[in-house]
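Descriptive analysis of the structure
Take a look at the letters that make up each chain.
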Amino acid sequence: MPVPSHPTRRALLFGTAGTAVLLAGGPRTLLGTGPAAPRPAVPVAETAVLLDAAPVTVDLGSRTVRTWGYGDRVPGPEIRVTAGGTVSAQLRNNLPQETTVHWHGVRVDSAMDGAPGLSQVAVAPGGVFDYRFTAPDPGTYFYHSHVGTQLDRGAYGALVVEDPAEPLGYDAEWTVVLDDWLDGTGTGTDPDAALVHIRDRPDAVQMHSTLLGGIAGHIAYPHYLVNGRTPQAPEEFTDAPGRRIRLRLINAAADTAFRVALGGHELTVTHTDGYSVLPVTVDTLLIGMGERYDVLVTLGDGVFPLVAAAEGKDSRAFAVVRTSAGEAPPASVDVPELNGRRPTLTDLVADPSVDLGDAPARGVDLVLGRGPNGTGWTLGSTATFDTPPLRVPVAVGERVRLSFTNTTRMWHPIHLHGHTFQVQVPTGRGPRKDTVVVRPRESVTVDVLAENPGEWMLHCHNLYHSELGMMATLGYGDTPPAGPGMSGMSGPG
């Protein structure tokens, strides 16, 4: 079932997957086929959603699997709210393990961040937790479990915060969620078993990528998905030729970067991780785990492949874009755009409206490394484990420059909770983001404006690296406040 292009606002989303009651709003009229005008959002003052975390059976199109998720489909229910509005989400834990929900990229209050052992006590089986927060910034985000390997099952969904004065001109929008899938496939393993295997035999499987600068990942997944569908039974997006579409691209995978292209089309990048950039036209995008990109595309006449190549893994996720009758291309179709123009961080410049400026910043050097004998992964002051995990103290209003140096042979998408940062590039200031890829033997520097008090996770968004130690914290004040403590910190964010 396609993720809707939202020509109207519905009061009920996804039935049993969770009820999203939109307390304000009304119909949205699609624009004509001529030049698209800016699309003011229908105000949504509050969105209420029930997230029932439970063992479920989901249809991936070509097969049915048992997994853990939020309702009877993957991804879980899409949540939408207007910037400045409120999200009220009740989590009911019907899993056999404790769980939480993290609101990835959203500048929530610390108590709502869903980081177990740091910002909240994880919700026990049978328990309930009410998340309530203001969504301050428009953009494309997502939510997911923050405990163990639950993200690498089906516990995730899209979160879209609409701009009440949307400056972009487009006729419709599609949310595109990418994932790598292992659970319930009858391969003799599941995400928990994969974690043990990676811990005990970290170099048993090595897939390589020139674009990623080294080892691409640990797991050759049996399936790669677009909106919960395999290439054998793909998602199909339909509209009319000449229409301008906004694609909201989300990489919810655990261990896979995707190279994305739409056959026969150019992509105009407008946002990175929810924040606007000066538009740049490309053929393809490389999207790490936890990253999001918004792009505009003007549809041609025909049936086109939307391909997300699993970088370094010789496989792909696949969907179909249709604007006229005709046979859909096969999932294996050649897409030249995959090898075309691809933006780097240097090509992406923050729009002046979201630029953090050039105020002086205090520098902190952080090293991404491996544990003893190659087991485990580290994020700290050196390339060894900091015990307890490294904590970077900051003060309210301070500007901190974090420099990440990757000493390993594998790339790492580094994510900071509760904040965004601005990437520093040789030509000046780069994009605003909350997740940034650091390639092997390279360094990336970002500026953080400390304006959201609390204790916040800072970690690799490869789920298995995060679980095996590649995690630190950023906290306000020299001494962390009394709270749940560091024990039990788990999962990607």
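Placed above this text is the structure.
Residues numbered from 1 in each chain as written. Predicted model: local features only at pLDDT ≥ 70, side-chain atom pairs only at ≥ 80, totals over all residues. Heavy atoms only, no water.

1. As for the pattern of salt bridges
Oppositely charged side chains can pair when the atoms bearing their charge come close. Scanning the model with the defined rule gives 28 salt bridges in all. With a shortest N-O distance of 2.8 Å, arginine 248 and glutamate 173 are connected by a salt bridge. Here arginine 248, found in strand 15 (residues 244-251), pairs with glutamate 173, found in strand 10 (residues 172-181); they are 75 residues apart in sequence, far enough to count as distant. With respect to burial, arginine 248 and glutamate 173 carry one shared label: buried. Measuring nitrogen to oxygen at the nearest pair gives 2.9 Å for the salt bridge that ties glutamate 236 to arginine 322. Of this pair, glutamate 236 sits in strand 14 (residues 235-238) while arginine 322 sits in strand 22 (residues 315-322), and the two are 86 residues apart along the sequence. Under the relative-accessibility criterion, glutamate 236 is labelled partly exposed at 30%. Taken together, the shared-partner salt bridges in this structure form one network comprising Glu78, Arg80, Glu162, Glu166, Glu173, Arg246, Arg248 and Asp294. (Salt bridge = Lys/Arg side-chain N within 4 Å of Asp/Glu carboxyl O. Helix = DSSP H or I, 4+ residues; strand = E, 2+ residues; numbered from the N terminus. Buried < 20%, exposed > 50% of the residue type's maximum accessible area, 1.4 Å probe, protein only.)

2. With respect to the packing of aromatic side chains
One pass over the full model with this rule turns up 8 aromatic pairs. Ring centres 5.6 Å apart and planes at 40° place the aromatic pair tryptophan 103 and tyrosine 143 in the tilted group. Here tryptophan 103, found in strand 6 (residues 102-104), pairs with tyrosine 143, found in strand 8 (residues 139-144); they are 40 residues apart in sequence, far enough to count as distant. A relative accessible area of 0% means that tryptophan 103 is categorised as buried. With a centroid separation of 6.0 Å and an interplanar angle of 65°, the aromatic rings of tyrosine 221 and tyrosine 224 are classed as edge-to-face. For the pair tyrosine 221 and tyrosine 224, one class covers both residues: buried. Members of the aromatic cluster, joined through ring pairs, are Tyr70, Trp103, Phe129, Tyr131, Phe133 and Tyr143. Here the guanidinium or amino end of arginine 153 rests over the ring plane of tryptophan 68, the centre of that ring lying 4.3 Å away. For the cation-ring pair, arginine 370 lies above tryptophan 377, with the distance from its terminal atom to the ring centre recorded as 4.1 Å. (Phe/Tyr/Trp six-rings, centres within 6.5 Å; stacked < 30°, edge-to-face > 60°. Lys NZ or Arg CZ within 6 Å of the ring centre and 35° of its normal.)

3. A look at helix 1 (residues 191-200)
Those residues of helix 1 lying buried are Pro191, Ala194, Leu195 and Ile198. Along helix 1, the residues classed as buried sweep out an arc of 105° about the axis, all on the same side. Buried residues along helix 1 sit in contact with helix 2 (463-467). With a side-chain oxygen lying 3.1 Å from the backbone nitrogen of aspartate 192, the N-terminal cap of helix 1 falls on aspartate 190. (Arc of directions from axis to C-beta. Contact = heavy atoms within 4.5 Å. Polar contact = N/O pair within 3.5 Å; in protein donor to acceptor, adjacent residues only side chain to side chain.)

4. Re the environment of arginine 292
For arginine 292, the location among the structural elements is in strand 20 (residues 292-298). Sequence-wise, arginine 292 and asparagine 251 are 41 residues apart; in three dimensions their C-alpha atoms are separated by 6.4 Å. Here the side chain of arginine 292 touches threonine 140 through a polar contact of 2.9 Å, landing on its backbone oxygen.

5. Let's talk about the layout of surface pockets
One number sums up the size of the largest pocket: a volume of about 290 Å³. Contributing to the lining of the largest pocket are 21 residues, with Asp163, Pro167, His271, Gly274 and Ser276 lying nearest its centre. Going through the elements one at a time, strand 9 (156-162), strand 15, strand 17 (267-272) and strand 18 (275-282) are the ones with two or more residues in the lining of the largest pocket. Take the lining of the largest pocket: its biggest share by element is 4 residues, from strand 18. (1 Å grid on protein atoms, 1.4 Å probe; cavity = no way out; pocket = protein on both sides within 12 Å on 5 of 7 lines; lining within 4 Å. Points joined across faces, edges and corners; volume = space filled by probe spheres on them.)

6. As for the sheet that holds strand 13 (residues 223-226)
A sheet is described by the order of its strands in space; here 6 strands give the open sequence 13-10-15-20-17-18, paired in mixed fashion. Across the chains shown, the open sheet's two edge strands, defined by having one partner strand only, are strand 13 and strand 18. Between one strand axis and the next, the sheet turns through 20° on average, direction left out of account. The pairing of strand 15 with strand 20 spans 7 bridges and is antiparallel. Paired with isoleucine 245 across the bridge in strand 20 is valine 297. (Pairing = 2+ DSSP bridges. Axes fitted to C-alpha atoms, helices over the stretch in contact; angles between N-to-C directions.)

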